[in-house]
Each structure stands twice: as structure tokens, then as C-alpha cells.
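Residue-level structural notes
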Amino acid sequence: MIIIAGLGNPGGKYEKNRHNIGFMAVDEIASRWRFGPERAKFQSIVSEGEVEGTKVLLMKPQTYMNESGRAVGEAARFYKIKPSEIIVFHDEIDLAPGRFRMKTGGGAAGQNGVRSLISHLGADFRRARMGIGHPGEPQLVHAHVLGDFHKADKPWLDAMLQACADALPFAVNGDDERYQGEVMRLAPAPKFSPRQAARGE
């Protein structure tokens, strides 16, 4: 069994925020692979299902982003799941919009949900980093991540979410490199620097 957690903030106010792209990915996965009904457990909204024979617990922590680790840590202890069997989908400002990267271990890079997960799980869980771009100046980051996606973002956002769901068997089988490659093949996105784009370079 593996855990797939999407990071975000609960409630309608945050539903379409860039920061909630992890919740969006989990919803797309649940739909694509016909997961069971959602229910409340582990301080989260969870649903259970299978992806090509592997049992998966999908989680949307309801603790708010900064305490995501409490929820995922509780589920991991309950099921005795190792960090290597946990995949966390989250927004990444240092990747251009629509770019996708898998990573295991490392620091939080300013992502408070990831920081919380590291404090509860250690660093060795798998991160599915979903590019939302950088606004160009550090003081604009907070408003950027808590701002809603624009209509113009819909084509690349929908494509990336669908690709993450369609290619999921590679991740479930532990082949993160192949998963990353397949997501970008299905949903190609420009590789420009988010900061350069924000400055109009």
C-alpha cells in the first residue's frame, strides 16, 4: 500500500488557489482511477482505491498547509508505511507553470507544507513538484500562491493534472524517473525560468 497526499488548504475560500494544486491532483487521480467515496479520517479527507493492483490511500489533509505533516504522519504510523511509500503532490514556485519534477529527500525550499512533513516523517518521502511559476519578487510570493489560477492557466493546468493521473502507474511501481518523463511527455510545458518570465525577459 502507498499513500498519495495532496497539499492544500481546506474550505471554499482556498479551493482554486495555486497553493491548492495538490488537492486538485488528488481529485483528478480519484476520478481517473475510480476511487471509493471520500470520508473523514486522519485529520484529512481520504479515499481508497487501487492503481493497477496496488492499494492506494489518497489524502487531502484538513489541517491547513502548515500542519500537513500531522495528518500524513498519523496515517503513515497507522498503516506502518515508510516514507519511500509516500508521494506528496504540492505547488512549486521555482518551476515554470506546467513543469513537473519528482524528487526524494532534500529540504523544504520554503514550502511550509513540505517543512511540516519533514518534521513528522523525516525527509525521505517522495515529492511530486508541480510548477506554478514565481511572481518575480520575494514579497509577492505569498499573494501569488494564495491567489486563484487565472482562466489563461486552464489549458496547462488541466493537461498537467490529467497527465499526473494517467501516468500514475509508473509512480505507484516506484519508477519516479519514468513517471516524471511520462507526465512531461503527455503535458509538455516551456522550460523557462519563472523569475525571468516574471521580469519579462
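The notes below deal with the structure included here. (Residues numbered from 1 in each chain as written. Predicted model: local features only at pLDDT ≥ 70, side-chain atom pairs only at ≥ 80, totals over all residues. Heavy atoms only, no water.)

**Here we look at the packing of aromatic side chains**
Operational definition: By convention, a stacked pair of Phe, Tyr or Trp rings (six-membered ring in the case of Trp) has centres within 6.5 Å and planes under 30 degrees apart, an edge-to-face pair has planes over 60 apart, and any other such pair is tilted. Only runs of H or I of at least four residues qualify as helices and only runs of E of at least two qualify as strands under DSSP, and these elements are numbered from the N terminus. Categorising residues by exposure relies on relative accessible area from a 1.4 Å probe, with only protein chains included: less than 20% of the type maximum marks a residue as buried, more than 50% marks it as exposed, and the intermediate range marks it as partly exposed. Charge-over-ring placement is defined geometrically: NZ (Lys) or CZ (Arg) within 6 Å of the ring centre, and within 35 degrees of the ring normal.
The final tally for this structure, using the stated rule, is six aromatic pairs. Here the aromatic rings of Tyr 14 and Tyr 64 are separated by 6.2 Å at their centres, their planes lie at 80°, and the arrangement is edge-to-face. Remark: Tyr 64 occurs in the loop between β4 (54-61) and α2 (68-79) and Tyr 14 occurs in the loop between β1 (2-6) and α1 (21-32); sequence separation between them is 50 residues. Taking relative accessible area as the criterion, Tyr 64 reaches 44% and is therefore assigned partly exposed. Through a chain of ring-to-ring contacts, the aromatic side chains of Phe 42, Phe 78 and Tyr 79 assemble into a single cluster. Sitting above the plane of the Trp 33 ring, Arg 32 keeps its charged end 4.3 Å from the centroid. When the ring centre of Phe 125 is taken as reference, the NZ or CZ atom of Arg 127 above it lies at 4.4 Å.

**Overview of the environment of Val 46**
Filter applied, for reference: Contacts are assigned to residue pairs that have any heavy atoms within 4.5 Å of one another.
Here Val 46 lies in strand β3 (residues 44-51). For Val 46 and Ile 4, which are 42 residues apart along the polypeptide, the C-alpha to C-alpha distance reads 9.8 Å. Beyond its immediate sequence surroundings of up to four residues, Val 46 is in contact with Pro 37, Glu 38, Arg 39, Lys 41, Leu 57, Leu 58 and Met 59.

**A look at the sheet that holds β1**
What counts here: Two strands make a pair as long as DSSP finds a minimum of two bridges between them. Only the stretch in contact is used when a helix axis is fitted, and all axes are lines through C-alpha atoms; the angle between N-to-C directions ranges over 0 to 180 degrees.
Overall, mixed pairing links the seven strands, which are arranged β2-β3-β4-β1-β5-β7-β6 in an open sheet. Unpaired on one side and paired on the other, β2 (39-41) and β6 (100-104) mark the two borders of the sheet. Between one strand axis and the next, the sheet turns by 30° as a mean value, whatever way the strands run. The pairing of β3 with β4 spans eight bridges and is antiparallel. From the neighbouring strand, Ser 47 faces β4, where its bridge partner is Leu 58. Helix α7 (residues 176-186) rests against β5 (86-92), β6 and β7 (126-131) of the sheet, and its axis sits at about 170° to β6.

**Some remarks on the packing of α2 against helix α3 (residues 112-121)**
Geometrically, a packed helix pair is captured by the angle between its two axes and the distance between the axes. Quick note on the threshold: Oblique is the label for any angle not covered by the other classes, which are roughly parallel (under 35 degrees), roughly antiparallel (over 145) and roughly perpendicular (65 to 115). For any pair of crossing helices, the crossing counts as left-handed if the nearer helix is rotated counterclockwise from the farther one by less than a right angle, and right-handed if it is rotated clockwise.
As a packed pair, α2 and α3 sit with axes 7 Å apart at the nearest point and diverge in direction by 40°. With respect to α3, the element α2 is oriented oblique. Of the two possible hands of crossing, α2 and α3 adopt the one that is right-handed. Across from Ser 68, Gly 69, Arg 70, Val 72, Gly 73 and Ala 76 in α2, the residues of α3 making contact are Gly 113, Ser 116, Leu 117, His 120 and Leu 121.

**Notes on the pattern of salt bridges**
To be explicit about the condition: Basic side-chain nitrogens of Lys or Arg form a salt bridge, by our definition, when they fall within 4 Å of a carboxyl oxygen of Asp or Glu.
Taken as a whole and assessed by the stated rule, the structure comprises nine salt bridges. Across the pair Lys 60 and Asp 27 runs a salt bridge whose closest N-O atoms are separated by 2.7 Å. In this pair, Lys 60 is assigned in strand β4 and Asp 27 in helix α1, connecting sequence segments 33 residues apart. Residue Lys 60 is classed as buried on the basis of its relative accessible area of 10%.

**Topic: the pairing of β5**
Within β5, seven of the seven residues are buried, which leaves it mostly tucked inside the rest of the structure. Of the pairings in the sheet, the one linking β1 to β5 comprises four bridges and is parallel in character. When the bridges of β5 are listed, Ala 5 appears paired with Val 88. Both β5 and β7 contribute to a ladder of six bridges, which runs parallel.

**Observations concerning the environment of Ala 40**
Examined against the element boundaries, Ala 40 turns out to sit in strand β2. Since its relative accessible area comes to 67%, Ala 40 is described here as exposed.

**What about the environment of Val 72?**
Its place among the elements puts Val 72 in helix α2. In the structure, Val 72 is positioned 48 residues away from His 120 in sequence and 8.2 Å away in space, judged by C-alpha atoms. Apart from the residues lying within four places of it in its own chain, the contact partners of Val 72 are Ala 5, Met 59, Pro 61, Ile 86, Leu 117 and Leu 121.

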